[in-house]
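Spelled out, the chains give:
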Amino acid sequence: DQQVKQNSPSLSVQEGRISILNCDYTNSMFDYFLWYKKYPAEGPTFLISISSIKDKNEDGRFTVFLNKSAKHLSLHIVPSQPGDSAVYFCAASIDYGGSQGNLIFGKGTKLSVKP
Amino acid sequence: ETGVTQTPRHLVMGMTNKKSLKCEQHLGHNAMYWYKQSAKKPLELMFVYNFKEQTENNSVPSRFSPECPNSSHLFLHLHTLQPEDSALYLCASSPSGGRGAGYTQYFGPGTRLTVL
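Next up on the list: the overall build of chain B. For chain B, the count of helices and strands is zero helices and eleven strands. When the helices and strands of chain B are listed from N to C terminus, the series reads β-β-β-β-β-β-β-β-β-β-β. Against the 2.2 N^0.38 benchmark of 13 Å for 116 residues, chain B shows a C-alpha radius of gyration of 14 Å, consistent with a compact globule. Its C-alpha atoms put chain B at 40 × 30 × 25 Å along the principal axes. By the burial criterion, 48% of the 116 residues in chain B qualify as buried. Within chain B, contacts between residues separated by at least 24 positions form 54% of all contacts whose residues are at least 6 apart in sequence. Carbon and sulfur atoms make up 50% of the accessible area of chain B, which amounts to about 5,400 Å² in all. For chain B, the separation between the mean place of its 11 positive charges and that of its 8 negative charges on side chains is 5 Å.

The following block contains the structure:
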């Protein structure tokens, strides 16, 4: 059973508008969340992250919101630009007390920003 | 050269061939990972190495054999693969130790593998 779910396989948004990408998770032990962006024929690129002790993290046009009670996080991109067109992956991590945290990924949402 | 590099970028092999994928990271990280990405599936973690020691094998078939000679290099040796092993193989690295940002993984561009 998938622990990290991105239920929208695709999203289309007009340039200049807000893009909202959603992610749900089932494991309440997850304590760190990340968003990655992936262009075709490239590896995923780290975009932004949030710790479970916060509910919002902002970096330029990108903001991630975390709602722990709903086990839901979202990525807001505003304003959206055509160059943002890519597949966006949500990932979550559990601190097992070791020295690296394995990431669990969602299936991704393909964002298309139309000029 | 910076970041995480992978070679080759594309590989076509027969089921009886033996080949190897190479990953190198120039970020000073101590943890390295192999992932498999098949169409319409989430990224699947295959192996994790931390300070050159394998810390995770995610039930990967023995026809995939990883090797980590040092913290900067990671190999994936392939032999007698099946057509269903065709996928994008991604390498990643992360800093070790600490929580949060220490878990951020940085990916290479991947090797597109086709098994005939």
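From this point, the narrative continues.
What follows is about the packing of aromatic side chains. Tallying each qualifying case throughout the model produces twelve aromatic pairs over all chains. Summarising the aromatic geometry, the rings of A:Phe46 and B:Tyr106 are spaced 6.2 Å apart at their centres and angled 65° between planes, so their arrangement reads as edge-to-face. On the criterion of chain membership, the pair formed by A:Phe46 in strand S5 (residues 45-51) and B:Tyr106 in strand S10 (residues 106-107) is interchain, its members lying in two chains. Here a set of aromatic residues connected by ring pairs shows up, and it is made of A:Tyr36, A:Phe46, A:Phe105, B:Tyr33, B:Tyr35, B:Tyr106 and B:Phe107.

Core analysis: the largest hydrophobic core is formed by 24 residues, its most contacted members being A:Phe33, A:Trp35, A:Leu73, A:Leu75 and A:Tyr88. If you list the elements that add at least two residues to this core, you get strand S3 (19-25), strand S4 (32-38), S5, strand S7 (62-67), strand S8 (72-77), strand S9 (86-93) and strand S11 (109-114) of chain A. In terms of residues, this core owes the most to one element, S9(A), which gives four residues. Those residues in contact with A:Leu75, other than ones at most four positions away along the chain, are A:Ser19, A:Ile20, A:Leu21, A:Trp35, A:Leu47, A:Ile48, A:Phe62, A:Thr63 and A:Tyr88. Counting 22 residues, the second largest nonpolar core, distinct from the first, contains B:Trp34, B:Met46, B:Leu76 and B:Cys91.

All names here are of chain B. Per the stated rule, a full pass over the model turns up two disulfides over all chains. Shown here is the disulfide that connects Cys 23 with Cys 91, its sulfur atoms set 1.9 Å apart. On the sign convention where negative means left-handed, the S-S torsion of about -70° between Cys 23 and Cys 91 marks this disulfide as left-handed. Taken together, the residues Cys 23 in strand S3 (residues 18-25) and Cys 91 in strand S9 (residues 87-94) connect sequence positions 68 residues apart. In this model Cys 68 remains outside any disulfide bridge; the closest cysteine sulfur is found in Cys 91, 9.0 Å from its own.

In this section: the sheet that holds strand S6 (residues 56-59) of chain A. Residue and element names in this part refer to chain A. If you trace the five strands from one edge of the open sheet to the other, you get S1-S3-S8-S7-S6, paired in antiparallel fashion. Each edge of the open sheet is held by one strand with a lone partner, namely strand S1 (4-5) and S6. Relative to S3, S1 runs antiparallel, the two sharing two bridges. Opposite Lys 5, over in S3, you have Asp 24 as the bridge partner.

Our focus in this paragraph is a nonpolar patch on the surface. All names here are of chain A. Among the surface-exposed residues, Ile 18, Ile 20 and Val 78 lie close enough to one another that they form a single nonpolar patch of about 230 Å² accessible area. On the secondary structure map, Ile 20 appears in strand S3. On the basis of relative accessible area, Ile 20 is assigned to the partly exposed category, the value being 37%.

Take the pattern of salt bridges next. All names here are of chain A. Counted according to the given criterion, the structure contains three salt bridges over all chains. Of the charged contacts in the structure, one is a salt bridge between Asp 84 and Arg 61, with a shortest N-O distance of 2.8 Å. Here Arg 61 lies in the loop between S6 and S7 and Asp 84 lies in the loop between S8 and S9, a separation of 23 residues in the sequence. Assessed through its relative accessible area of 2%, Asp 84 is described here as buried.

Residues and elements named next belong to chain B. Overall, antiparallel pairing links the four strands, which are arranged S1-S3-S8-S7 in an open sheet. At either end of the open sheet lies a strand with only one pairing partner, and these are strand S1 (4-7) and strand S7 (64-70). With strand direction ignored, the average angle separating the axes of adjacent strands in the sheet is 20°. Where S7 lies against strand S8 (residues 73-79), five bridges are found, and the strand directions are antiparallel. Bridge assignment links Pro 66 to a residue of S8, and that residue is Leu 76.

The rules behind the values
Residues numbered from 1 in each chain as written. Chains lettered and ligands numbered in written order. Predicted model: local features only at pLDDT ≥ 70, side-chain atom pairs only at ≥ 80, totals over all residues. Heavy atoms only, no water. Helix = DSSP H or I, 4+ residues; strand = E, 2+ residues; numbered from the N terminus. Rg over C-alpha atoms; globule rule 2.2 N^0.38 Å. Buried < 20%, exposed > 50% of the residue type's maximum accessible area, 1.4 Å probe, protein only. Contact = heavy atoms within 4.5 Å. Areas by Shrake-Rupley, 256 points an atom, 1.4 Å probe, with all protein chains shown as cover. Lys, Arg positive; Asp, Glu negative; His and termini not counted. Charge placed at Lys NZ, Arg CZ, Asp CG, Glu CD. Phe/Tyr/Trp six-rings, centres within 6.5 Å; stacked < 30°, edge-to-face > 60°. Core = buried A, V, L, I, M, F, W, Y, C linked by side-chain atoms within 4.5 Å. Disulfide = S-S within 2.5 Å. Pairing = 2+ DSSP bridges. Patch = residues over 30% accessible without salt bridge, like charges linked within 9 Å, V, L, I, M, F, W, Y side chains within 5 Å. Salt bridge = Lys/Arg side-chain N within 4 Å of Asp/Glu carboxyl O. Axes fitted to C-alpha atoms, helices over the stretch in contact; angles between N-to-C directions.

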